[in-house]
Amino acid sequence: MRTDRRGWILYAALLVLFWGVWGAFSSRPTELYGYPVEMVYIIWSFTMLLPAAVALRRQSFDRRPVAAAYGLLAGLTGAGGQLVLFQALSDGPAYLIFPIVSLSPVITVLMALVLLRERISPLAGVGVAAALIAIVLVSIPAGGGDGRASGAWLPLAVVVCAAWGAQAFFMRKAALAGVNDATTFGWMTVSGLLLAPVAYAMMGGLPQGAPWQAPSLTAGTQLLNAVGALFLVMALSRGKATVVAPLTNALAPVLTIVLSLVVYRTLPTVWATTGIVLAVAGSTLMVYSDEKRGGAPSAR
């Protein structure tokens, strides 16, 4: 099925909106109520059911083995990476882990260039490079660290980076195999739920004494995350992975920073400010290049 050649721009914009808002508020249940991050994962896995149900009402479920294979690969690399990230953060400093994890679009771009033979114009290539640099810059937290520059967390962070980079590749691969968005997202939902018991085991039992606001706030913010994930599937089914992955990963944190500035009155660091400029410039170049060349029809 042929889709609107520029439809990816709309879904990428919606993804940035939902993930940008989610990023600004996602840590609040843990910060305000000490809610375990593993419990956040469990609630997130169940929020995936709502957008999955909506998507599957509009598209039929593809029962082919290739659909299950790519859908599960996309889901397990995404959800599995999240669990590995929890473990890495329990052992290492976030100010070093997140810049490493933020390089996941590099993995996506390399896999798309080598395995999918995607090609981008020189102008778009400059935009991709700017976006990748921006992703790292906006991921550098303010303040110092605790000196743990190496340790068990380092290979775990690399694993998360590789897993999340591969996830976007598998989403794009599913679309090229003719798998519809709803099916891919449906299998991603199944994958997230399959790993929920692992998160529970990591947590060691349900949290005691958590106020009702904690799970409620978690459900609300994680629903934004889940819907954003659906928009990522839809964007990658219509646009090149070499463009969609770096663009969305660069702009979503920018919106998060802007919202944090407005809501929490938190000024961005010099690194983040530089990253914002590069993210906007790089994304503009990528979109302009795609518009100029008329977009690329997706294989559906």
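All of these numbers come straight from a predicted model, not from anything done at the bench.

S.K.: When you look at a nonpolar patch on the surface in this model, what are you seeing that I'm missing?
M.R.: On the surface, Val-258, Leu-261, Val-262, Val-263 and Leu-267 cluster together into a nonpolar patch covering about 460 Å² of accessible area. Within the secondary structure, Val-263 sits in helix α13 (residues 241–263).

S.K.: Sorry if this is basic, but what is going on with the nonpolar core here?
M.R.: Across soluble globular proteins, you tend to see nonpolar side chains buried next to one another. Among the nonpolar cores identified, the biggest contains 70 residues, and Tyr-41, Ile-42, Met-171, Phe-185, Met-188, Leu-232 and Leu-236 are the most heavily contacted of them. Here this core takes 11 residues from helix α12 (residues 213–236), the largest share from any one element. Non-local contacts of Phe-185, meaning those with residues more than four positions away in its chain, are made with Met-48, Pro-51, Ala-52, Ala-226, Ala-229, Leu-230 and Val-233. Counting residues in hydrophobic clusters, the runner-up holds seven residues, among them Leu-85, Ala-88, Ile-97 and Trp-153.

S.K.: Sorry if this is basic, but what is going on with the pattern of salt bridges here?
M.R.: For side chains of opposite charge, pairing can occur when their charged atoms come near one another. On inspection of all chains with the given rule, the structure shows four salt bridges. For Asp-62, the salt bridge goes to Arg-64, with nearest N and O atoms at 2.9 Å. Classification of Arg-64 as partly exposed rests on a relative accessible area of 35%.

S.K.: Explanation requested: the packing of aromatic side chains in the structure shown.
M.R.: Aromatic ring pairs are reported here in terms of the distance separating the ring centres and the angle at which the planes meet. Enumeration according to the criterion identifies seven aromatic pairs in this entry. For the ring pair Trp-19 and Trp-22, a centre distance of 6.4 Å and an interplane angle of 50° mean the geometry is tilted. Taken together, the residues span about one helical turn, with Trp-19 and Trp-22 both in helix α1 (residues 7–25) at a distance of three residues. Judged by its relative accessible area of 19%, Trp-19 is buried.

S.K.: Explanation requested: the environment of Leu-206 in the structure shown.
M.R.: Position of Leu-206 among the secondary structure elements: in the loop between α11 (196–203) and α12. Linking Leu-206 and Phe-46, residues 160 residues apart in sequence, is a C-alpha distance of 16 Å. The contacts of Leu-206, once residues within four sequence positions are left out, are Met-39 and Tyr-200.

S.K.: Quick question: what am I supposed to make of the side chain of Ser-289 here?
M.R.: Take Ser-289: it is sitting in helix α14 (residues 270–292). Once you skip the residues sitting within four places of it in the chain, Ser-289 turns out to touch Ser-121, Leu-123 and Ala-124.

S.K.: How do you make sense of the layout of surface pockets when you look at a structure like this?
M.R.: To find leftover empty space, a probe the size of one water molecule is rolled over the atoms. In this structure, the second largest pocket occupies an estimated 260 Å³ of space. Lining the second largest pocket are 13 residues, and of these Tyr-11, Ala-55, Arg-58, Leu-230 and Met-234 sit closest to its centre. Contributing elements (two or more residues each) for the lining of the second largest pocket: α4 (49–58), α10 (181–194) and α12. In terms of residue class, the lining of the second largest pocket is made up of nine nonpolar, one polar and three charged.

Each value, and the rule that gives it
- Residues numbered from 1 in each chain as written.
- Predicted model: local features only at pLDDT ≥ 70, side-chain atom pairs only at ≥ 80, totals over all residues.
- Heavy atoms only, no water.
- Patch = residues over 30% accessible without salt bridge, like charges linked within 9 Å, V, L, I, M, F, W, Y side chains within 5 Å.
- Areas by Shrake-Rupley, 256 points an atom, 1.4 Å probe, with all protein chains shown as cover.
- Salt bridge = Lys/Arg side-chain N within 4 Å of Asp/Glu carboxyl O.
- Helix = DSSP H or I, 4+ residues; strand = E, 2+ residues; numbered from the N terminus.
- Core = buried A, V, L, I, M, F, W, Y, C linked by side-chain atoms within 4.5 Å.
- Buried < 20%, exposed > 50% of the residue type's maximum accessible area, 1.4 Å probe, protein only.
- Contact = heavy atoms within 4.5 Å.
- Phe/Tyr/Trp six-rings, centres within 6.5 Å; stacked < 30°, edge-to-face > 60°.
- 1 Å grid on protein atoms, 1.4 Å probe; cavity = no way out; pocket = protein on both sides within 12 Å on 5 of 7 lines; lining within 4 Å.
- Points joined across faces, edges and corners; volume = space filled by probe spheres on them.
- Nonpolar A, V, L, I, M, F, W, Y, C, P; charged D, E, K, R; others polar.

Honestly, it's all geometry; don't read function into it.
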